[in-house]
Amino acid sequence: MAERSPVTVETLTAMIEEIFRNAGLSERQAAATARVIALAEQDDCTSHGVYRLAGCLRTIKAGMVKSQAEPVLTDDGSAVLRIEAGGGFSCGGFDLAAPVLAERAKTLGVAALVINDCVHFSALWPEVETLTSLGVAALAMCPSYASVAPAGGNEALLGTNPIAFGWPRVNRLPYVFDFATSVAARGEIELHRRAGTSLPEGWAVDREGRPTTDPVSALEGAMLPFGAHKGSAISTMVELLAGVMIGDLTSPEARDLVGGTTLAPRHGELVLAFSPERFAAGRPGDPFARAEGLFEAIVGQGARLPSQRRFAARAKAQAEGIHLTEAEWTELEQLRTLGLDAV
Ligand code: NDP
Ligand code: PYC
């Protein structure tokens, strides 16, 4: 079979958007959600790229997404902004609030965005990168669904609970990290299952709490937190700040609501934005110049900055187009022609 041509991120976004619109998503939800999937594929973050599309459609088909919900921003002029997503995907609500959040952080020094009642499946780096492009530092976090055993335990309780951080850099791509607080994202386990490959040691335990490298047993059992008790504590913090504190669901509650882990979970998200200028005001040194010194020292030791691989993948995709695998093309074609009947 002739190799397919690579696509631009705009073309891929438009293809995914059409699939979402045909599945009944509102214009805003379809556009924002398609964008994060296409961006993930562009940056070679396959665990949150095209592979997620079928899961999104399954969640729509199961009636677990409010397809026509319009996010509502509540802004009382304080440091806490709130989006009520109304059961829709999180991405449209974030896009609506991001410029207001960045401006509020510049005015007050720090501001928070609470997103409530959203269906959330995406990587967090597109959000922190949006905020760094608006000139503020950002920290984003959310629960997911109970699939990770706390350190010392052996049953799924915590979520894979991602945390992302971004720091703006002058005339350079930002400093960004974004990771699950489990050893790996659950999407990675699913990709191993699809590829028929074993997991690295130390990622998961089976249903009986025994260590396993089999992705199927891992999906039935529990994943493990990164860094043992340290990752476990950070993951618990995410449950507290981005679940309990914002009056939204924790990971066990999200799993109970959805009834399993095959659909995208519904819960909330917390995004914090900081103005480095405001925090550093009156203190010696320019925070951005000082940050550059730190990054140079890291790279100077031969270490790499987080997101360097992703930014390299982006540059390559922007130059050559995004190379989708044959399996990804097949899936896109099926979802385009069959819509919700394909899932
Ligand atoms: P990875 O372990 O693949 O990467 C984590 C971070 O570490 C990335 O920023 C990565 O940069 C960086 N990194 C990796 N290797 C190095 C290295 N050698 N030196 C310096 N930095 C490095 O991520 P995860 O599998 O944990 O998570 C993947 C995605 O899954 C995230 O985007 C996350 O938001 C998403 N996720 C979403 C969830 C949700 O509920 N919505 C739940 C869980 C995860 P680089 O990309 O450049 O390699
Ligand atoms: O990869 O762990 C994950 C995940 C859960 C929800 C969305 N992504």
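Quick caveat: nothing in here was measured; it's all calculated off a predicted structure.

Cut-offs used in this document
- Residues numbered from 1 in each chain as written.
- Chains lettered and ligands numbered in written order.
- Predicted model: local features only at pLDDT ≥ 70, side-chain atom pairs only at ≥ 80, totals over all residues.
- Heavy atoms only, no water.
- Near = heavy atom within 4 Å.
- Polar contact = N/O pair within 3.5 Å; in protein donor to acceptor, adjacent residues only side chain to side chain.
- Areas by Shrake-Rupley, 256 points an atom, 1.4 Å probe, with all protein chains shown as cover.
- Helix = DSSP H or I, 4+ residues; strand = E, 2+ residues; numbered from the N terminus.
- Nonpolar A, V, L, I, M, F, W, Y, C, P; charged D, E, K, R; others polar.
- Domains from an automatic or database assignment.
- Contact = heavy atoms within 4.5 Å.
- Buried area = accessible area lost by both parts, 1.4 Å probe.
- Salt bridge = Lys/Arg side-chain N within 4 Å of Asp/Glu carboxyl O.
- Core = buried A, V, L, I, M, F, W, Y, C linked by side-chain atoms within 4.5 Å.
- Buried < 20%, exposed > 50% of the residue type's maximum accessible area, 1.4 Å probe, protein only.
- Pairing = 2+ DSSP bridges.

Draft legend 1. Inspection of the site of ligand 1 at higher detail. Looking at ligand 1, there are 22 residues lining it, with His48, Ser122, Asp178, Ala180 and Arg309 nearest. At 3.4 Å from an oxygen atom of ligand 1 is found a main-chain nitrogen or oxygen belonging to Gln308. Look at ligand 1: alone it shows 920 Å² of surface, and the protein chains cover 75% of it. Taken together, the elements giving at least two residues each to the shell around ligand 1 come down to strand 6 (172-179) and helix 12 (308-320). Here the residues of the shell around ligand 1 sort into 11 nonpolar, seven polar and four charged. Residue assignment places the shell around ligand 1 across two domains, with domain 1 (1-61 + 307-343) and domain 2 (70-182 + 225-297 + 300-305) each supplying three or more.

Draft legend 2. Molecular detail of the domain arrangement of the chain. Along its sequence, the chain is carved into domain 1 (1-61 + 307-343) and domain 2 (70-182 + 225-297 + 300-305). If you look at the interface, domain 1 gives 25 residues, while domain 2 gives 25 residues. Summing both partners gives a buried area of about 2200 Å² for domain 1 against domain 2, and 61% of it is carried by carbon and sulfur. Three residues stand out in domain 1 for area buried against domain 2, namely Arg28, Thr59 and Phe311, and they jointly supply 24% of the buried area on that side. Applying the counting rule to domain 1 against domain 2 returns three salt bridges. A salt bridge links Arg28 to Glu70, with the shortest nitrogen-to-oxygen separation between them at 3.0 Å. The interface formed by domain 1 and domain 2 includes seven residue pairs in polar contact (both at pLDDT 80 or more).

Draft legend 3. Seen up close, the nonpolar core. If you look at the biggest cluster of nonpolar residues, it comprises 60 residues, and the most contacted ones within it are Leu12, Ile16, Phe20, Leu113, Leu131 and Leu332. Broken down by element, this core gets its largest block of residues, eight residues, from helix 2 (residues 27-42). Core analysis: the second largest hydrophobic core is formed by nine residues, Val148, Leu199, Trp203 and Met223 among them.

Draft legend 4. Spotlight on helix 5 (residues 125-133). Summarising burial for helix 5: eight of the nine residues are buried, a large majority. Burial in helix 5 covers these residues: Trp125, Pro126, Glu127, Val128, Glu129, Thr130, Leu131 and Thr132. One or two steps after helix 5, the chain reaches Gly135, where phi turns positive at roughly 90°.

Draft legend 5. Structural view of the site of ligand 2. Surrounding ligand 2, one finds His48, Arg52, Phe121, Ser144, Thr160, Ala185, Arg186 and Gly187. Separating an oxygen atom of ligand 2 from a side-chain N or O atom of Thr160 is a distance of 2.7 Å. Between an oxygen atom of ligand 2 and a main-chain N or O atom of Gly187, the distance comes to 2.9 Å. In isolation ligand 2 exposes 240 Å². Once the protein is present, 93% of that is buried. By residue class, the composition of the shell around ligand 2 is two nonpolar, four polar and two charged.

Draft legend 6. Structural detail: the pairing of strand 5 (residues 163-169). In terms of burial, strand 5 is a largely internal element, six of the seven residues being buried. Strand direction decides the pairing type here: strand 4 (residues 137-141) and strand 5, joined by four bridges, are antiparallel. Each residue of the ladder has a partner; that of Leu139, found in strand 5, is Phe165. Note: strand 5 against strand 6, six bridges, orientation antiparallel. When the bridges of strand 6 are listed, Gly166 appears paired with Val176.

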